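Listed here are the chains, written in short residue letters.
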Amino acid sequence: MKKILAWWRRSFREGSVQLWRHRFLSLTTVGLGALILILLNFVFATQFFADLSLQSLEQRADFSIPLREPYDAFEFDALKNDLQKFNIEMNVLSAEEFPDFHIPPRVYVKFLDIQEVSDVLEVFKNPRYLEVVGDWDGVAEREFVTLVGNLLNLRKNVEMASRVLVFLFLAGGILLVINTFRIALFSRRDEVFIARLVGADPVFIAGPFIVEGILLGLLSSLLAIILFVFALKQIPLLPSGQIFLHLWNNVFAFELLISAFVGAVGAWWSVRRYLRGKLE
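What you see is a predicted model; the values in this text were computed from it and never measured.

Rules of the game
- Residues numbered from 1 in each chain as written.
- Predicted model: local features only at pLDDT ≥ 70, side-chain atom pairs only at ≥ 80, totals over all residues.
- Heavy atoms only, no water.
- Helix = DSSP H or I, 4+ residues; strand = E, 2+ residues; numbered from the N terminus.
- Buried < 20%, exposed > 50% of the residue type's maximum accessible area, 1.4 Å probe, protein only.
- Contact = heavy atoms within 4.5 Å.
- Phe/Tyr/Trp six-rings, centres within 6.5 Å; stacked < 30°, edge-to-face > 60°.
- Axes fitted to C-alpha atoms, helices over the stretch in contact; angles between N-to-C directions.
- Left-handed = near helix turned anticlockwise from the far one by under 90°.
- Nonpolar A, V, L, I, M, F, W, Y, C, P; charged D, E, K, R; others polar.
- 1 Å grid on protein atoms, 1.4 Å probe; cavity = no way out; pocket = protein on both sides within 12 Å on 5 of 7 lines; lining within 4 Å.
- Points joined across faces, edges and corners; volume = space filled by probe spheres on them.
- Pairing = 2+ DSSP bridges.
- Patch = residues over 30% accessible without salt bridge, like charges linked within 9 Å, V, L, I, M, F, W, Y side chains within 5 Å.
- Areas by Shrake-Rupley, 256 points an atom, 1.4 Å probe, with all protein chains shown as cover.
- Salt bridge = Lys/Arg side-chain N within 4 Å of Asp/Glu carboxyl O.
- Arc of directions from axis to C-beta.

Colleague: Would you mind going over the side chain of Ser220 in detail, with residue names and values included?
Modeller: Here Ser220 shows up in helix 6 (residues 202-233). What makes Ser220 buried here is its relative accessible area of 6%. Ignoring anything within four residues of it in the chain, the contact list for Ser220 reads Thr29, Val30, Gly33, Ala34 and Leu37.

Okay, here's the thing in structure tokens:
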């Protein structure tokens, strides 16, 4: 344990010094890494906003479908049986009389899962139930289905974009760190060579570089979080408070860890070629 702590202390000390020695290169790497992470945070924010909109719509998603007068009770029972497989609440509302118009009996459907909207309405349009279901507003039905479909497509596209961008961040971040350390190692090859000549262990040599990569990842992530929160406050259309709490509870911690991991992997991949074999 003492050896591990000593290794970490030395690696952190040397890594911090190297980070400051190459501050222009370090600042450039941190800036580019932060830019990638800010874009990624906006993708996560958009994904959360799409989910929040769907949840809000689910709380208000309902549709009234008129029934014929009188309707076939047997066929109506069959209709209810067909609808049992869906996550909905269904109530039958009685006919209402007003001085100027008459409202027929109707089925009030509340959708608890808006992904089932189209399937539920298709059941009502089944020719078998023509003796049960009356004439309804097709325009309103199409508008309702279109709205739900657009929101579902938005969530699907955002989820797909988030997966692609997470992969691009990992790949781009590793390549960015590798490129940074290749430039830095070009001027520090002699240090690595001397350490190898005196018999230093590869892990001992690589430690400061790995810690430097971790620090670059952490600084990029912290800068990205600060700038993202500032930018989020400037967008009044988004529920910034809810988005911040969601990212704070579910994203930012993982972002810090993954950024540090990416930095460490990139640094190790760059320095490993100098740890064995002939140093050129």
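This is not the end of the story, as more comes after the structure.
Colleague: Go over the packing of aromatic side chains, please, and point to the residues and values.
Modeller: All chains considered together, the criterion is met by three aromatic pairs. Judged by centre distance (4.9 Å) and plane angle (75°), the rings of Phe42 and Phe228 are edge-to-face. Of the two residues, Phe42 is situated in helix 2 (residues 23-60) and Phe228 in helix 6; the sequence distance between them amounts to 186 residues. When its relative accessible area of 25% is taken as the criterion, Phe42 is described as partly exposed. Counting every residue linked through ring pairs, the aromatic cluster contains Phe244, Trp248 and Phe252.

Colleague: Tell me what's going on with the packing of helix 6 against helix 8 (residues 252-271), and back it up with residues and numbers.
Modeller: Contact geometry of helix 6 with helix 8 gives a least axis separation of 7 Å together with a crossing angle of 145°. Seen from above, helix 6 lies across helix 8 with right-handed handedness. Between helix 6 and helix 8, the residues in contact are Ala206, Phe209, Ile210, Gly213, Ile214, Gly217, Leu218, Ser221, Leu222, Ala224, Ile225 and Phe228 and Phe252, Glu255, Leu256, Ser259, Ala260, Gly263, Ala264, Ala267, Trp268 and Val271, respectively. Considering only residue class, the contact of helix 6 with helix 8 consists of 16 nonpolar, five polar and one charged.

Colleague: Kindly report on the layout of surface pockets, identifying the contributing residues and their values.
Modeller: Counted as a void, the largest pocket has a volume near 250 Å³. In terms of lining residues, the largest pocket is bounded by 14 residues, among which Leu40, Phe44, Val166, Asn250 and Val251 are the most central. Elements represented by at least two residues in the lining of the largest pocket include exactly helix 2, helix 5 (138-197), helix 7 (240-250) and helix 8. With six residues, helix 2 is the largest single contributor of residues to the lining of the largest pocket. Class assignment for the residues of the lining of the largest pocket results in nine nonpolar, three polar and two charged.

Colleague: Tell me about the sheet that holds strand 1 (residues 62-66), and name the residues and values.
Modeller: An order of 1-5-2 is seen for the three strands of this open sheet, with the pairing classed as antiparallel. Looking at the sheet topology across the chains shown, the edges are occupied by strand 1 and strand 2 (88-93). Each strand axis lies, on average, 20° off the axis of its neighbour in the sheet, ignoring direction. Sheet strands touched by helix 4 (residues 117-124): strand 1, strand 2 and strand 5 (106-111). Its angle to strand 5, the strand with the most contacts, is close to 165°.

Colleague: Pulling in residues and values, what's your account of the side chain of Thr29?
Modeller: Along the polypeptide, Thr29 turns up in helix 2. Among residues more than four places away in sequence, those in contact with Thr29 are Leu176, Thr180, Leu216 and Ser220.

Colleague: Can you tell me about a nonpolar patch on the surface, naming the residues and giving the values?
Modeller: Among the surface-exposed residues, Met160, Val164, Leu165, Phe167 and Leu168 lie close enough to one another that they form a single nonpolar patch of about 470 Å² accessible area. Residue placement: Val164 occurs in helix 5.

Colleague: Pulling in residues and values, what's your account of the environment of Ala267?
Modeller: Topologically, Ala267 is positioned in helix 8. C-alpha of Ala267 to C-alpha of Asn126: the two residues are 141 residues apart in sequence and 63 Å apart in space. With residues near it in sequence (within four places) discarded, Ala267 still touches Val177, Phe181, Phe209, Ile210 and Gly213.

Colleague: Quick rundown of helix 4? Include the residues and the values.
Modeller: Looking only at helix 4, the buried set comprises Val117, Val120, Leu121, Val123 and Phe124. One side of helix 4 carries all its buried residues, which in axial view fall inside an arc of 150°.

Colleague: Please give an account of empty space enclosed by the protein that cites residues and values.
Modeller: Throughout the structure, instances matching the rule amount to two cavities of 30 Å³ or more. Each pocket or cavity is described by its volume, and for the largest cavity that value is around 140 Å³. What lines the largest cavity is a set of 14 residues, among which Gly33, Gly173, Val177, Gly217 and Ser220 lie closest to the centre. Among the secondary structure elements, those contributing two or more residues to the lining of the largest cavity are helix 2, helix 5, helix 6 and helix 8. Broken down by class, the residue content of the lining of the largest cavity amounts to seven nonpolar, seven polar and no charged. Quantified by volume, the second largest cavity comes out at close to 40 Å³. Lining of the second largest cavity is provided by His22, Leu25, Ser26, Thr180, Phe181, Ala184 and Glu212. Every element with two or more residues in the lining of the second largest cavity is listed here: helix 2 and helix 5. Its residues assigned to classes, the lining of the second largest cavity comprises three nonpolar, three polar and one charged.

Interpretation note: all reported values are geometric properties and have no functional meaning in isolation.
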